Amino acid sequence: VWDMVRKLRGYNRGVAGLRRLPRAWVGMSLAHCGLALIVAGVTLVSFLDIERDLRMEPGDQALVGGYEFHFDALEDVAGPNYDAIRGIFSVMRNGEQVHPGLFAEKRTYRVSGQTMTEAAIDGGLMRDLYVALGEPLEGQAWAVRIYYKPGVSWLWLGALIMAAGGVLALSDRRYRRRSQEKVDG
């Protein structure tokens, strides 16, 4: 970023000076910014993620990563090719509702009899929240796994920025000229 600011100052045109910079150089700089986002995302996820395995039943609540997860209800659901038990969770932070209904399911597929877990996900730019139903325990209680993962979206955003930088760098006219010279020569 500092190198880009320095180059733009040399053109005395601010952001409009970006057009005078070679696409390959701008693409390379953009790809490096994407890599920096990926490194920041990996660092956040590695050091600040929280995972809790809990025994919960409808009416219970748990505090994970500063968020209150309320186990609101259980309901039976009939899908197109499966039967499921759905756990409904609401999420609060500082007394304000963050998400009114996260739906975590334990599905049993009718044909194969295979049981699968469908996690409930609330994604955001700064953090992702996941809730998954584990195994049923006694009564209405379930084993519930709750995750708080900050920075996961930064991984995807960084990868997209890197890809955009690569495409921009490849669109530089100088590369097409060189390959055409090899074909002609």
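Please read these numbers as outputs of a predicted model, since none were measured by experiment.

**Student:** Got a minute to help me understand helix α3 (residues 152–170) in this structure?
**Tutor:** Owing to its 3.6 residues per turn, the α-helix brings residues three or four apart onto one side. For α3, spanning 19 residues, the distance from its first C-alpha to its last is 28 Å, which sits close to the expected 27 Å at 1.5 Å a residue. The set of residues buried in α3 consists of Val152, Trp154, Gly158, Gly165 and Ala169. Considered in projection along α3, the buried side chains sweep an arc of 155° and stay on one side of the axis. Turned more than 90 degrees away from the buried face of α3, the exposed residues are Trp156, Leu160, Val167 and Leu170.

**Student:** Hey, could you run me through helix α2 (residues 23–48) in this one?
**Tutor:** An ideal rise of 1.5 Å per residue puts 38 Å on 26 residues; α2 measures up with 37 Å between its terminal C-alpha atoms. The complete set of buried residues in α2 reads Ala24, Trp25, Val26, Gly27, Ser29, Ala31, Gly34, Gly41 and Val45.

**Student:** Before we go on, may I ask you to explain the pattern of salt bridges in this structure?
**Tutor:** Side chains bearing opposite charge may pair, as long as their charged atoms lie close to each other. Summed over all chains, the structure comprises 11 salt bridges. A salt bridge links Arg145 to Asp53, with the shortest nitrogen-to-oxygen separation between them at 2.5 Å. Of this pair, Arg145 sits in strand β9 (residues 142–150) while Asp53 sits in strand β1 (residues 50–56), and the two are 92 residues apart along the sequence. The residue Arg127 makes a salt bridge to Asp122 at a minimum N-O spacing of 3.2 Å. In this structure Arg127 comes out as buried when scored by relative accessible area, which is 13%. Look at Asp122 and you get buried, because its relative accessible area is 10%. Salt bridges here are not isolated pairs; linked through shared partners, they connect Glu75, Arg86, Glu105 and Arg107.

How each quantity is defined
In every chain, residue numbers begin from 1 and rise along the written sequence. For this predicted model, a pLDDT threshold of at least 70 governs which residues receive local features, and a threshold of 80 or more governs which side-chain atom pairs are given and counted, while totals over whole chains, interfaces and linings are taken from all residues. Note that the side-chain values use all heavy atoms of the structure and ignore hydrogens as well as water. Helix numbers and strand numbers start at the N terminus; a helix is a DSSP run of H or I with at least 4 residues, a strand a run of E with at least 2. In this scheme, a helix's expected span is set at 1.5 Å multiplied by one less than its residue total. The buried label applies to any residue whose accessible area, calculated with a 1.4 Å probe on protein chains only, is under 20% of its type's maximum; exposed applies above 50%, and partly exposed to all values in between. Taking the helix axis as origin, the arc is that swept by the directions to the C-beta atoms. Here, a salt bridge means any Lys or Arg side-chain nitrogen found within 4 Å of an Asp or Glu carboxyl oxygen.

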